[in-house]
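Structural features, examined
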Amino acid sequence: MSELCYYGDPVLRKTAAPVSVFDDGLRALVEKMVEALRNANGVGLAAPQVGVSSRVAVIDTEYGEAPPYVLVNPEIVSASDETVTEDEGCLSLPGISLDVKRPAQVSVRAQNEKGEEYTIENASGLLAKALQHEIDHLNGILFIDHVSAVQRGLLRGKLKKISAGEFD
Ligand code: NI
């Protein structure tokens, strides 16, 4: 059985709460998220996607070949004016992919699972896309929110099925 939460689950629309305690519970959550991400062969996962409304995300652009980024309380501190439009998907919306326009580069400040602050400067490419996508999750925003109402309308059938738990 999947440990993931899917479109239609209200937890995905909540603004996640900041983390203030860096304890074993947090580290267990991060471990569970990394495992779920690997099981799904995904690039990124946010805590609401495993049913926890906390500001925690993991990103692995190397598919297990390097340690994942652990982002606690992440914040975008700067974004480029230049944008890119790229194909995007989400583990909580299986079977849907859409072109999403976002800033091409972002810098992000976050804490790790020990509470140590770090910055990712001028991320680009897949990492930039994943950072923005996962931080969106912590604010209750899904990638389908970035496309036009017309495009979203075309997905109505698929979204209804995901909400009803009818997907592979
Ligand atoms: Ni997602």
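Up top is the structure.
The following refers to the structure shown.

Rules used in this analysis
- Residues numbered from 1 in each chain as written.
- Predicted model: local features only at pLDDT ≥ 70, side-chain atom pairs only at ≥ 80, totals over all residues.
- Heavy atoms only, no water.
- Helix = DSSP H or I, 4+ residues; strand = E, 2+ residues; numbered from the N terminus.
- Buried < 20%, exposed > 50% of the residue type's maximum accessible area, 1.4 Å probe, protein only.
- Areas by Shrake-Rupley, 256 points an atom, 1.4 Å probe, with all protein chains shown as cover.
- Lys, Arg positive; Asp, Glu negative; His and termini not counted.
- Charge placed at Lys NZ, Arg CZ, Asp CG, Glu CD.
- Pairing = 2+ DSSP bridges.
- Axes fitted to C-alpha atoms, helices over the stretch in contact; angles between N-to-C directions.
- Contact = heavy atoms within 4.5 Å.

Right, let's get into the overall build of the chain. Secondary structure summary: the chain contains 4 helices and 7 strands in total. Moving toward the C terminus, one meets the helices and strands of the chain in the order α-β-β-β-β-β-β-β-α-α-α. The dimensions of the chain, computed from C-alpha atoms along their principal axes, are 45 × 40 × 30 Å. Residues classed as buried in the chain amount to 43% of the 168 residues present. Only carbon and sulfur atoms are counted for the fraction: they give 47% of the accessible area of the chain, which is about 8700 Å². When the 16 basic and 25 acidic side-chain charges of the chain are each reduced to a single mean position, those positions are 8 Å apart.

Let us look at the sheet that holds strand 7 (residues 117–123). As summarised here, the arrangement of the 5 strands in space is 1-2-3-6-7, forming an open sheet in which the pairing is antiparallel. With one partner strand each, in any of the chains shown, strand 1 (44–46) and strand 7 form the two edges of the open sheet. Averaged over neighbouring strand pairs, the angle between their axes works out to 35° when direction is ignored. Bridge count between strand 6 (residues 106–111) and strand 7: 5 bridges; the pairing is antiparallel. Bridged to glutamine 111 within strand 7 is glutamate 117. Of the strands in this sheet, strand 1, strand 2 (56–59) and strand 3 (69–79) are in contact with helix 1 (residues 24–39), which crosses strand 2 at around 40°.

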